[in-house]
Amino acid sequence: QVQLVESGGGSVQPGGSLRLSCAASGRTSSRFVMAWFRQAPEKEREFVGAVTDSGRTYLADSVKGRFTLSRDKTKNMVFLQMDSLNSEDTAVYYCAADQSIVLSSIRFSRNYDYWGQGTQVTVSS
């Protein structure tokens, strides 16, 4: 089994920044694709970004230029640096991982086997 624990959420004013962390433990694999999704109230869960085992990153168009993904494979951690936050970024952010996902499916939540409990991000003045 794999456990994912997110941290770093909170409340911030528009234009502010937050850094989310996700720590993986248990039967982890260096071949995991690790991703972030988010879900706002009454909305579908949506892809934010993902990083492959080789370090290649993918970001949703809505966050490109504002969010940055990074990964520390030695610590089994992935980070989401979020800058220039706005109210539309308000959501629960979830970390996800899978080791058998193909790149064409990387943006679809149904393809990930492991999920964290989520961390709330609120952007409000």
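This text follows the structure it describes.
All figures in this text were calculated on a predicted structure; none of them were measured in a lab.

Asker: Looking at this structure, how should I read the packing of aromatic side chains?
Answerer: Working definition: an aromatic ring pair is given by the centre-to-centre distance plus the angle between the planes. One pass over the structure, following the stated rule, counts six aromatic pairs. Summarising the aromatic geometry, the rings of Y94 and W115 are spaced 6.4 Å apart at their centres and angled 75° between planes, so their arrangement reads as edge-to-face. Of this pair, Y94 sits in strand β9 (residues 91–98) while W115 sits in strand β10 (residues 114–115), and the two are 21 residues apart along the sequence. Ring centres of Y112 and W115 lie 6.3 Å apart, and the angle between their planes is 70°; this geometry places the pair in the edge-to-face category.

Asker: How should I be thinking about the state of the cysteines in this particular structure?
Answerer: A covalent bond bridging the sulfur atoms of two cysteines is what the word disulfide describes. Scanning the model with the defined rule gives one disulfide in all. The disulfide partner of C22 is C95, and the S-S distance across this bridge is 2.0 Å. Across the disulfide from C22 to C95, rotation about the S-S bond amounts to roughly -80°, and the bridge is consequently left-handed. In this pair, C22 is assigned in strand β3 (residues 18–26) and C95 in strand β9, connecting sequence segments 73 residues apart.

Asker: What's the story with the sheet that holds β3 in this structure? I'm lost.
Answerer: Sheet strands line up and pair through hydrogen bonds in the backbone, either parallel or antiparallel. Overall, antiparallel pairing links the four strands, which are arranged β1-β3-β8-β7 in an open sheet. The open sheet terminates on both sides in strands that have one partner only, identified here as β1 (2–7) and β7 (67–72). On average, each strand axis in the sheet is tilted by 15° relative to the strand beside it, whichever way the strands run.

Asker: Would you take a moment to explain the environment of N86 for this structure?
Answerer: Locating N86 in the fold gives a position in the loop between β8 (77–82) and β9. Among the residues examined, N86 registers a relative accessible area of 28% and is labelled partly exposed. When the C-alpha positions of N86 and D113 are compared, they lie 30 Å apart, and in sequence the two are 27 residues distant. Setting aside anything within four residues of it in sequence, one finds N86 in contact with R66 and V123.

Asker: Could you clarify how one ought to interpret the nonpolar core in this entry?
Answerer: Nonpolar side chains in soluble globular proteins generally cluster together in the buried interior. Formed by 38 residues in total, the largest nonpolar core has its most connected members in M34, W36, L80, M82, Y93 and Y112. Those residues within four positions of Y93 in sequence are excluded, and the remaining contacts are E6, L20, W36, F37, R38, V48, F67, L80, M82, G118, T119 and V121.

Asker: So what exactly am I meant to see when it comes to the pattern of salt bridges here?
Answerer: Two side chains carrying opposite charge are able to pair once their charged atoms lie near each other. Counted under the stated rule, the structure contains four salt bridges. Notably, a salt bridge pairs R38 with D89, separated by 2.9 Å at the nearest N-O pair. Here the residue R38 occupies a position in strand β4 (residues 33–39), and D89 occupies one in the loop between β8 and β9, the gap between them amounting to 51 residues. Per residue, the accessibility class of R38 equals that of D89, and both read buried. Close ionic contact of R66 with D89 constitutes a salt bridge, the shortest N to O distance being 2.7 Å. A residue pair is termed long-range when its members are at least 10 positions apart, and R66 in the loop between β6 (57–59) and β7 and D89 in the loop between β8 and β9 qualify at 23 residues.

Cut-offs used in this document
- Residues numbered from 1 in each chain as written.
- Predicted model: local features only at pLDDT ≥ 70, side-chain atom pairs only at ≥ 80, totals over all residues.
- Heavy atoms only, no water.
- Phe/Tyr/Trp six-rings, centres within 6.5 Å; stacked < 30°, edge-to-face > 60°.
- Helix = DSSP H or I, 4+ residues; strand = E, 2+ residues; numbered from the N terminus.
- Disulfide = S-S within 2.5 Å.
- Pairing = 2+ DSSP bridges.
- Axes fitted to C-alpha atoms, helices over the stretch in contact; angles between N-to-C directions.
- Buried < 20%, exposed > 50% of the residue type's maximum accessible area, 1.4 Å probe, protein only.
- Contact = heavy atoms within 4.5 Å.
- Core = buried A, V, L, I, M, F, W, Y, C linked by side-chain atoms within 4.5 Å.
- Salt bridge = Lys/Arg side-chain N within 4 Å of Asp/Glu carboxyl O.

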